[in-house]
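Summary of structural features
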Amino acid sequence: MSYSTTKPPLVPCPNCGTEQIWDSNNTFRPFCSARCKNNDLVAWANEDHAIPGQPLEDVFSEDLDRGY
Ligand SMILES: [Zn+2]
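This write-up is about the structure you can find in this document. Values in this document were obtained by computation on a predicted structure and should not be read as measured data. (Residues numbered from 1 in each chain as written. Predicted model: local features only at pLDDT ≥ 70, side-chain atom pairs only at ≥ 80, totals over all residues. Heavy atoms only, no water.)

For the rest of this paragraph, the subject is the coordination of the zinc ion. The protein atoms that coordinate the zinc ion are Cys13 (SG), Cys16 (SG), Cys32 (SG) and Cys36 (SG), at distances spanning 2.3 to 2.4 Å. With four donor atoms in place around the zinc ion and angles of 106 to 116° between them, the coordination shape is tetrahedral. Linear spacing of the donor residues for the zinc ion on their chain is C-x2-C-x15-C-x3-C. Since its relative accessible area comes to 7%, Cys36 is described here as buried. (Donors = N, O, S within 2.8 Å, 3.2 Å for Na, K, Ca; no water. Tetrahedral: all angles 85-135°; square planar, octahedral: opposite > 155°, others 65-115°. Buried < 20%, exposed > 50% of the residue type's maximum accessible area, 1.4 Å probe, protein only.)

Here you go:
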């Protein structure tokens, strides 16, 4: 099995799974497009704000106690 260094690697988009050529010039990498990049950020933000079993007030008070 030979490996060509001239062949660019294919990476799947984390959002839609579409395989794409890894390009360091692609500002959306590892995503295939701005749409997928934005979708992932939105999903990440939504998960980050949803803290199961812990009211938001408790989170804020803990942060204050730590001196944040
Ligand atoms: Zn995508």
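Further notes follow.
On to the environment of Ile21. On the secondary structure map, Ile21 appears in strand 2 (residues 19–21). In sequence terms Ile21 and Pro9 are twelve residues apart; their C-alpha atoms lie 5.8 Å from each other. In contact with Ile21, other than residues within four places in its own chain, are Pro8, Pro9 and Leu10. (Helix = DSSP H or I, 4+ residues; strand = E, 2+ residues; numbered from the N terminus. Contact = heavy atoms within 4.5 Å.)

Looking at the element boundaries, Gln20 is found in strand 2. Among the residues examined, Gln20 registers a relative accessible area of 11% and is labelled buried. From its side chain, Gln20 meets the backbone oxygen of Pro30 in a polar contact 2.8 Å long. Those residues in contact with Gln20 that sit more than four places away from it in its chain are Pro9, Leu10, Val11, Pro12, Cys13, Asn26, Pro30, Phe31 and Cys32. (Polar contact = N/O pair within 3.5 Å; in protein donor to acceptor, adjacent residues only side chain to side chain.)

This part is about the environment of Asp23. Take Asp23: it is sitting in the loop between strand 2 and helix 1 (34–49). Sequence spacing of Asp23 and Leu10 is 13 residues, and the spatial spacing of their C-alpha atoms is 9.3 Å.

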